[in-house]
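Chain and residue survey
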Amino acid sequence: MVKFLQVEGRGCDYIVLWLDCDKEGENICFEVLDAVQPVMNNAHSGEKTVFRARFSSITDTDICNAMTRLSEPDHNEALSVDARQELDLRIGCAFTRFQTKYFQGKYGDLDSSLISFGPCQTPTLGFCVERHDKIQSFKSETYWVLQAKVHNNKEESLLLDWDRVRVFDREIAQMFLNMTKLEKEAQVEATSRKEKTKQRPLALNTVEMLRVASSALGMGPQHAMQIAERLYTQGYISYPRTETTHYPENFDLKGSLRQQANHPYWADSVKQLLAEGINRPRKGHDAGDHPPITPMKSATEAELGGDAWRLYEYITRHFIATVSHDCKYLQSTISFRIGPEHFTCSGKTVISPGFTEIMPWQSVPLEESLPTCQKGDTFAVGEVKMLEKQTSPPDYLTEAELITLMEKHGIGTDASIPVHINNICQRNYVTVESGRRLKPTNLGIVLVHGYYKIDAELVLPTIRSAVEKQLNLIAQGKADYHQVLGHTLDIFKRKFHYFVDSIAGMDELMEVSFSPLAATGKPLSRCGKCHRFMKYIQAKPSRLHCSHCDETYTLPQNGTIKLYKELRCPLDDFELVLWSSGSRGKSYPLCPYCYNHPPFRDMKKGMGCNECTHPTCQHSLSMLGIGQCVECENGVLVLDPTSGPKWKVACNTCNVVAHCFENAHRVRVSADNCNTCEAALLDVDFNKAKSPLPGNETQHTGCIFCDPVFQELVELKHAASCHPMHRGGPGRRQGRGRARGRRPPGKPNPRRPKDKMSALAAYFV
């Protein structure tokens, strides 16, 4: 990206920065300037060459207005982001690395590839565990209520609520029941009819959008944010990251409303509003960042589809509701006396639906209208009964409730809140239950209790909230970047050292909930040191553990592991295992010891046999490598010897897989190379009954790049999954010179595909 920007910026006189208009966007502005300014033309003395465009939506009007009001990038906002990034990285890495290594080295069933800590992520988890603890410690109590049913001469019956609400003593409840049961009539003590108003909503900001997306639309915050960003870049809505709930005075509300005047779902409501005159939106909070989230152009369900349409529909209905009239309704209340006890019933009647026409889920619930009566009137008592009920514990936090708590305590920003919630889900600290409720796992509960035991401030929101305030002061130019950074790092450095010294306190809780490595997993392959069976621990992160040597060996993730024919590594005598991503993906053998302790200088940790440069091992790259990958720069196509009879050749770096020579009896990599491209030749033996070779021949030797017979038998695909460990790096030796195979004359140059669709369209030559 830096090189691309430098090519574009070379020889330019001016630069206009059109990055997102938030703190993170401001920070990227200065990253762009660092890359581009050295190659731009030198400015004349005092001439301004750097400009910042500020906009809230990608529309013609907004872009033109931004271009006429260019300003300068805000260095203070960029510094506040730098400070947050450095703090989160330093603190998160230190705690995460320590506790991950400590606990994964002791316990086998944690079922999480990373025991992470984050200054925002951990307090977020703390809210969920706090609710869990309240549920666990809740003790249900029995209580009793009285319920009366009365009716008038017209046989209109009413169900009355007891003014005492409830009592927790059965004998007292029984006493009140006996007193009221003796009465035959209920006397009207008072009546009231009041006109009430249900206010239209405030303009929409990010937090409210995420709350509604989770509670009403069933979308996780991260997913909802991704959809909102896509709608923004496509020009359907304004910038979706904003804390503001107040429209600026010059905002064109009528213009935005006219865009929706012909929409099939709400055209009538919009036209009526335009004809009668819109209602000025309620005065909300002006955070000084962006206008509230607003639809910028009309769209249909067919145009957007799925979740994108559902979110766009909500945003549009919310916007129309903000300029609609309030909902007005009549609340009627009748107070009764039955003996010494007082009862009440109430009802609501809608006078003017207002904004609830466009947001029907907010409408006043329909209730039966109460009969007309006056003070002193009497109703016949139909029945009075006592109901036994029990107090119930609170439910687990919903995502919407968690977002509210995070906003209240200053944990994260409108942009990062979805990320923190997503992180605690991915780390297996909480699971998302029905109704998008977040239930902490055993691991999440033990971690939070452990933090409370060692240092409660690590999990409480107070310290992070204080840090966020300091970061905001940096953005406003009221605090020094270096002082805030140094002071905060010093505090957490002391906390980290105390945490390390006191880790035994958390370990005591872990011992109760999780099993030690030696008691976990099932025997799989033999250790090369003691020749005893090592246990395969399938829970994340999957690994092998030798209880005799007390050694743990990491394995490739996101695939299946099985023993590889009881073959052994010639270097260390460990039994090989086979990793596979499935029938549609790739597979390769690996030595557990070499995978963790690279035997050669040109190898890195995390390489399997398909990247091993051992010169004579039958499983190595040197013996099974064919030639340079057709798509990536550093990869080598390697024969998968376990894939027959549906043979595969797979890149050892990227996820390219070539299916070839189906039903062949045997495929071997020859010691000879192609004269044209220097790739290794393949010896292929076919079954006589299924041979695709001309003349029913069963054997053929050739190059899969150049041989016209083989080209017809090869089909390029992409593996179903590819672990990050498969990424290649520069400077890797490929063995036997095969990786540096030249492109055959007259053949198109195999290029790295620009996107998924072009990758699927690429074919193997």
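Predicted model only: the values in this text are computed from it and were never measured.

The next subject is the overall build of the chain. Tallying secondary structure elements over the chain gives 22 helices and 25 strands in all. Taken against the 2.2 N^0.38 rule, which gives 27 Å for 765 residues, the C-alpha radius of gyration of the chain at 35 Å runs more than 25% over that of a compact globule. Its C-alpha atoms give the chain principal-axis dimensions of about 110 × 75 × 65 Å. Considering the chain as a whole, with its 765 residues, one finds that 48% of them fall into the buried category.

Moving on, we come to the packing of helix α4 (residues 75-104) against helix α16 (residues 462-475). At a minimum axis distance of 7 Å, the contact between α4 and α16 shows a crossing angle of 150 degrees. Comparing their axes, α16 and α4 come out roughly antiparallel. Across the interface between the two elements, Asn76, Glu77, Leu79, Ser80, Ala83, Arg84, Leu87 and Asp88 from α4 touch Arg464, Val467, Glu468, Leu471, Ile474 and Ala475 from α16. Considered class by class, the residues forming the contact of α4 with α16 number seven nonpolar, two polar and five charged.

Under the counting rule described, the total for this entry stands at 29 aromatic pairs. Taken together, a centroid distance of 5.7 Å and an interplanar angle of 70 degrees make the contact between Trp162 and Phe176 edge-to-face. Separated by 14 residues along the polypeptide, Trp162 in strand β4 (residues 157-162) and Phe176 in helix α6 (residues 170-181) bring together distant segments of the chain. By relative accessible area, Trp162 is classed as buried at 5%. In textbook terms, an aromatic cluster arises when at least three aromatic residues are bridged by ring pairs, as seen for Phe95, Phe98, Tyr102, Phe103, Tyr107, Phe117, Tyr451, Phe496 and Phe499.

Within the structure shown, the criterion is met by 28 salt bridges. Residue Glu341 pairs with Arg164 through a salt bridge whose shortest N-O separation is 2.6 Å. With Glu341 in strand β7 (residues 341-352) and Arg164 in the loop between β4 and α6, the pair connects residues that are 177 residues apart, well separated along the chain. For Glu341, a relative accessible area of 3% puts it in the buried group. A relative accessible area of 44% means that Arg164 is categorised as partly exposed. The closest approach of N and O atoms between Glu249 and Arg280, which form a salt bridge, is 4.0 Å.

The next subject is the UniProt feature "domain: Toprim" (unreviewed entry) in the chain. Here, the residues flagged by UniProt with the feature "domain: Toprim" (unreviewed entry) are residues 1-56. As a span, residues 1-56 carries 39% helix and 11% strand, and end to end its C-alpha atoms are 25 Å apart.

Attention now goes to the sheet that holds strand β22 (residues 664-673). Read across the open sheet, the three strands follow the order β22-β23-β24; overall the sheet is antiparallel. Both edges of this open sheet fall to β22 and β24 (699-702), since each of them pairs with a single strand only. Each adjacent strand pair in this sheet contributes to an overall mean axis angle of 20 degrees, direction not counted. The sheet contact formed by strand β23 (residues 680-686) and β24 spans four bridges and is antiparallel. The partner of Asp683 across the bridge, within β24, is Thr701.

So, how was this worked out
Residues numbered from 1 in each chain as written. Predicted model: local features only at pLDDT ≥ 70, side-chain atom pairs only at ≥ 80, totals over all residues. Heavy atoms only, no water. Helix = DSSP H or I, 4+ residues; strand = E, 2+ residues; numbered from the N terminus. Rg over C-alpha atoms; globule rule 2.2 N^0.38 Å. Buried < 20%, exposed > 50% of the residue type's maximum accessible area, 1.4 Å probe, protein only. Axes fitted to C-alpha atoms, helices over the stretch in contact; angles between N-to-C directions. Parallel < 35°, antiparallel > 145°, perpendicular 65-115°, else oblique. Contact = heavy atoms within 4.5 Å. Nonpolar A, V, L, I, M, F, W, Y, C, P; charged D, E, K, R; others polar. Phe/Tyr/Trp six-rings, centres within 6.5 Å; stacked < 30°, edge-to-face > 60°. Salt bridge = Lys/Arg side-chain N within 4 Å of Asp/Glu carboxyl O. UniProt positions renumbered as here; feature names shortened; annotations may be inferred. Pairing = 2+ DSSP bridges.

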